[in-house]
Protein chains: 4
Amino acid sequence: MSGSVLTYTFLGPEGTFTEAALLQVPGAADANRVPCTNVNTALERVRQGEADAAMVPIENSVEGGVTATLDAIATGTELRIIREALVPITFVLVARPGVKISDIRRVSTHGHAWAQCRLWVDENIPNAEYVPGSSTAAAAVGLLEGDVHYDAAICAPLVAAERPGLNILAENIGDNPGAVTRFVLVSRPGALTERTGADKTTVVVPLPEDRPGALMEILDQFATRGVNLSRIESRPTGQYLGHYFFSIDADGHASDARVADALAGLHRISPATRFLGSYARADEQKAFVAPHTSDAAFASAHAWVRAILGGEPGA
Amino acid sequence: MSGSVLTYTFLGPEGTFTEAALLQVPGAADANRVPCTNVNTALERVRQGEADAAMVPIENSVEGGVTATLDAIATGTELRIIREALVPITFVLVARPGVKISDIRRVSTHGHAWAQCRLWVDENIPNAEYVPGSSTAAAAVGLLEGDVHYDAAICAPLVAAERPGLNILAENIGDNPGAVTRFVLVSRPGALTERTGADKTTVVVPLPEDRPGALMEILDQFATRGVNLSRIESRPTGQYLGHYFFSIDADGHASDARVADALAGLHRISPATRFLGSYARADEQKAFVAPHTSDAAFASAHAWVRAILGGEPGA
Amino acid sequence: MSGSVLTYTFLGPEGTFTEAALLQVPGAADANRVPCTNVNTALERVRQGEADAAMVPIENSVEGGVTATLDAIATGTELRIIREALVPITFVLVARPGVKISDIRRVSTHGHAWAQCRLWVDENIPNAEYVPGSSTAAAAVGLLEGDVHYDAAICAPLVAAERPGLNILAENIGDNPGAVTRFVLVSRPGALTERTGADKTTVVVPLPEDRPGALMEILDQFATRGVNLSRIESRPTGQYLGHYFFSIDADGHASDARVADALAGLHRISPATRFLGSYARADEQKAFVAPHTSDAAFASAHAWVRAILGGEPGA
Amino acid sequence: MSGSVLTYTFLGPEGTFTEAALLQVPGAADANRVPCTNVNTALERVRQGEADAAMVPIENSVEGGVTATLDAIATGTELRIIREALVPITFVLVARPGVKISDIRRVSTHGHAWAQCRLWVDENIPNAEYVPGSSTAAAAVGLLEGDVHYDAAICAPLVAAERPGLNILAENIGDNPGAVTRFVLVSRPGALTERTGADKTTVVVPLPEDRPGALMEILDQFATRGVNLSRIESRPTGQYLGHYFFSIDADGHASDARVADALAGLHRISPATRFLGSYARADEQKAFVAPHTSDAAFASAHAWVRAILGGEPGA
């Protein structure tokens, strides 16, 4: 954060898909990029003012929500998502020079990556034993350090490209060729991002316990105002079984009247609802807005109620 | 409306239940009370400024909504209900002196009254023919004028009490001893009546045709804000079969946040929604308000949304 | 009901719109047609087995539900609607020969007809006094009997056409040129009418009092199964203010799985729900059926549940 | 599965919380207990008939749903949950004899356990480095094998108790003293378990994509029949972002009429809905059943509909 150069933290180490997501941000290539060992640390540095924003994974098309991120932004000092990025997920198998696929006995990578290459592994190296790694990049880099107990690693192409000592034995080994991970850039609260017409709003809504049917009430706040949801994840609050919060992405921007009205409804039902930001959709897909949920419809309705409360005819 | 004396129109003639309802209004006994031959006329004089308010029946516990009133206040220049009154409905059978029950061949009264005395008639004067009358009072008064084609009339006790020439042959001949009619006092739009905590709000909501499920959407505007409904009547708009408006009484006052918010929702769904007033309930029964639909909950929610839109933390 | 000739009662007298509706029924022209002075009598004769069916009005595009009919079929011994008929409503002004429009001082007709000719009356005979009549036909026929207190009557064209002594002074005097009345043919319970694919089902659902939101629950029984409603009328039960039943027409036939399922749901919520019949729509408009509410979807769902309950795999 | 001795697989190795859950099953202490290295293998052996049932974790009060289990039972050959077990989760820190807390540089355990002891670690061994382990037990057992790169492990008390070579340095080091994990015993489809009145039913419902509001429709299938939900988890289908299935636990047994009816509704909306079993609740808490959702109410409703379809009066 020295001078005018921005500082970004990200879930490291270097060479992960997260850094690839960060490099999509205009100017990030020339900014300070600080890899962190976990999501919490990346976010904490932003909270403490040591970084301007953090890039962290939030959702994977194969593995689902990234729970560490969902939980970290749902609690603690409030943060704001200001941007999203989508990164196609492809995997390569790497080893030290001279090692062939048939030589492989033990493979290391992050558990999520291992899960996503299961079919390829079963077919090509069925007897390989899995060695848990703290990240895909760490597993790969470990090979260069010599004293690890495994012969190969599964990692992102970026890692291998940056390290000449690693030999790529197989490419595109992920089970799902369309796999994609969604990342979010998280900052401290500040002025809302500009409304583009193709926006998302993220909220965290604890499920009130004292009212049966509360989840339907929560969903109804969106439905009744024509606000579509693109993601909904349940997460335990950690207090006891069956106590949840919901992490929700809704189409639209907080400055859209229908979204602002839905937010007010959520706050009434669940006062600890947390707003996590409105930001441009990576796919730039405009929201469909029914006439009766347009800004104009809300403005007209509120003008009408004001007239009534003022004792004027409503028409 | 001359000087400081108020002028009230009412559905006449004198001696009907409607005048009894009007006499419940403080000061009405000393005001100008102008009987009108039909509901439309009574209301039109208010619209034209010739009267301050009109007392008209709106709902009967036996016969249902008074359609003439429901339709008359749903269209034309906007009006406001400022008070309601409940009048127990009891009927007497009257005739000229000397006429006995066994002499009765033809009985006149208003169609609604005839319907409400069916059991007594079947048991006591089963062969009597029904002669339609324009009102219960008109039927009774007609007996004093001599040239009518009937021997007896069914009317309100008040009419008989005021006319010595009428002889009461039977009292309390209504089939339903708990029958009650609800009347409303209707004025031109002006300052809202004071909120008492035990209020009703009346609206007219045309059913939008272009959206299936619109009736559920309308009801949901109340339900989602915890606003209870005490009356809902469907009425045809007169344009074609299946085209309705709904006349609705909701618990609460337009200056209650939950009611104001519901009104705004109704206006969005059905922009021709008409507000017909908020007024004290005759039974003085307070509305139950759930914490998340209280004025405080709405104020807190709107403050939170304002903070978010202003770029501040929401907490 | 003697021999093979059917007997139909109808809301008389002869010449009313109701008889026109009855004549739409195949064979009715050659059947016994018995006019009754009121809806209750027409229905009671069917209940007693003295007639095969009764034709009665149920809904008018201008005046709304015919409350006498709605109430009469909602209580008492169960009946079934087996057919519906639509009759355009047009009015004529009749008088004795020699009487001109400018001579008219008093006009008689049924109250509903008077209400539907208000605009024409205001413009053409603004000073005419209204004399209530028990039916439009009775008012017209009265003119031929000589000792009535009025000069003219408003009635259906059919009445005038059948009575040479009546002179038509004006035609098509109704305010709403598209006015139509819907009639239903009512019989005793028996085998369901055949399903045509363009059917209606009529039910009467008392609103349970012990559960707030019961009306939405009732509507949801239809909505959740994709059953559209073409008519919904609230009627007081007569017990006290605010106690209603709803008279509902739904698209579809009781032997459609989605309708049968909705009926079961209604019975659970309001056990006194009354089924009033399934019958072909007069307009022959087919219902739209979403795939997940088709008979096939219900059959598949029930087979699946049976498999589960039998301990078999569900797939 | 040899002879009459049952064979159970479980997520191993021995000494994990999963084995503790298995030992709650009557007779399991004397059965063949086969530890498996992952949930998929444990379930696959049941599918292949090599084991009678598998005990696997499904939900943790701190970490949330166990995604490996949720995904494994949602796809592939159908299975049935026949029992649930709750196990309090407590952790101990173990090392080889002679090692003191102040000596610890590197700690191994499963990622979930590491996450649940974060506070204790930060306070007591803030500089310890984390070494990912494939299970808590494997991390502990590794200490006895000599050539591992870490000094201590976090594991369940059961592991330490069974291995004299491990020294317990600290007990109850979990951040959340009330932490509990829920396990399920999974078998092949067969006769439904007996209804106890305190049952749960688990289903997997893919979210139909072609209908907005489908999630509310799904939830409404339960709500409209008074069936309470105790768990709802969204999981990606893995096809693309935003494509989900929901894993749901509902109160009640498939042979409860309200649950069977809800299941049929789910199947209509989402034909690929998968039934995963009805089984007794571990907490033996009876479900509240409103009168209109009782078996009697359903039986009465279906009898009524059958009468109607048979042409009989409904009353």
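Here, residues in each chain are numbered from 1, in the same order as that chain's written sequence. Each chain is given a letter, starting from A, and each ligand a number, starting from 1, according to the order in which they appear as written. In keeping with the model being predicted, local features are shown solely for residues with a pLDDT of at least 70 and side-chain atom pairs are shown and tallied solely at 80 or more, while totals for entire chains, interfaces and linings include all residues. Water and hydrogen atoms play no part in the side-chain values, which are based on all heavy atoms of the structure.

Caption draft 1: Focus on the overall build of chain A. Numbering of helices and strands starts at the N terminus; helices are DSSP runs of H or I of at least 4 residues and strands are runs of E of at least 2. When its secondary structure is counted, chain A shows 10 helices and 15 strands. Projected onto the principal axes, the alpha-carbon positions of chain A cover approximately 85 × 50 × 35 Å. Each residue is placed in one exposure class: buried if its accessible area under a 1.4 Å probe, protein chains only, is under 20% of its type's maximum, exposed if it is over 50%, and partly exposed if it falls in between. Put simply, chain A has 315 residues, and 55% of those count as buried. Considering only contacts within chain A whose residues lie at least 6 apart along the sequence, 75% involve residues at least 24 apart. Using a 1.4 Å probe, the Shrake-Rupley method yields the accessible areas, and only the shown protein chains count as cover for residues. As presented, chain A carries roughly 12300 Å² of accessible surface, and 53% of it is formed by carbon and sulfur atoms. For this count, His and the chain ends are skipped, Lys and Arg are scored as positive, and Asp and Glu as negative. Charge placement uses NZ in Lys and CZ in Arg. For Asp and Glu, CG and CD serve respectively. Here chain A carries 25 positive and 36 negative side-chain charges, and the mean point of each set is 2 Å from the other. Should any heavy atoms of two residues lie within 4.5 Å, those residues are counted as being in contact.

Caption draft 2: Region of the structure containing the sheet that holds strand β13 (residues 229-236) of chain C. Residues and elements named next belong to chain C. Here 4 strands make up an open sheet; going across it, the order is β13-β14-β12-β15 and the pairing antiparallel. Lying at the two open borders of the sheet, with one neighbouring strand each, are β13 and β15 (274-280). For this sheet, the mean angle separating the axes of adjacent strands, direction not counted, is 15°. As defined by bridge partners, strand β12 (residues 199-206) adjoins strand β14 (residues 244-251) across 7 bridges and the pair is classed as antiparallel. Looking across to β14, one finds that T201 is bridged to A250. When DSSP finds at least two bridges between two strands, those strands are taken to pair. To obtain an axis, a line is fitted to C-alpha atoms, over the contacting stretch when the element is a helix, and the angle between two such axes runs from 0 to 180 degrees between their N-to-C directions.

Caption draft 3: Here's a closer look at the side chain of T69 of chain C. Residue and element names in this part refer to chain C. The topology assignment puts T69 in helix α3 (residues 67-74). Engagement of the side chain of T69 in a polar contact is seen with the backbone oxygen of P57, the distance being 2.6 Å. Once residues lying within four places of it in the same chain are set aside, the contact partners of T69 are V39, V56, P57 and I58. The definition of a polar contact used here is a pair of N or O atoms within 3.5 Å, where within protein one atom must be able to donate a hydrogen and the other to accept one, and adjacent residues in sequence count solely through side-chain atom pairs.

Caption draft 4: Summary view of the relation of the copies chain B and chain A. A least-squares superposition brings the copies together, and it is based on the C-alpha atoms of residues with pLDDT no lower than 70 in both. Least-squares fitting of chain B to chain A yields an RMSD of 0.0 Å, with the superposition described by an axial translation of 0.0 Å and a rotation of 180°. Taken together, the rotation and translation describe the operation of a two-fold axis. A symmetric contact is evident, with 100% of the interface residues of chain B recurring at the interface of chain A.

Caption draft 5: Representation of the interface of chain D and chain C within the structure. The interface of chain D with chain C comprises 40 residues on the first partner and 40 residues on the second. The term buried area refers to how much accessible surface (probe radius 1.4 Å) is lost by two components on association, counted for both of them together. Of all residues in chain D, R268, H292 and W304 of chain D bury the most surface against chain C, accounting for 25% of the area lost on that side. By definition here, a salt bridge exists when the distance from a side-chain nitrogen of Lys or Arg to a carboxyl oxygen of Asp or Glu is within 4 Å. Run the count over chain D and chain C and you get 0 salt bridges. Breaking the side of chain D that touches chain C down by element, the ones donating at least two residues are α8 (214-223), α9 (257-269), β15 (274-280) and α10 (295-309) of chain D. Take the side of chain D that touches chain C: its biggest share by element is 9 residues, from α10 of chain D. Under this grouping Gly is polar, as are all residues other than the nonpolar Ala, Val, Leu, Ile, Met, Phe, Trp, Tyr, Cys and Pro and the charged Asp, Glu, Lys and Arg. Considering only residue class, the side of chain D that touches chain C consists of 18 nonpolar, 12 polar and 10 charged.

Caption draft 6: Just the interface of chain B and chain A, in detail. Facing 40 residues of chain B, the contacting portion of chain A comprises 40 residues. Both faces combined, the contact of chain B with chain A buries some 3100 Å², and carbon together with sulfur accounts for 59% of it. When the buried surface of chain B facing chain A is broken down by residue, R268, H292 and W304 of chain B rank first, second and third, together holding 25% of it. Here chain B is connected to chain A by 0 salt bridges.

Such coordinate-based values are descriptive only and should not be taken to indicate function.
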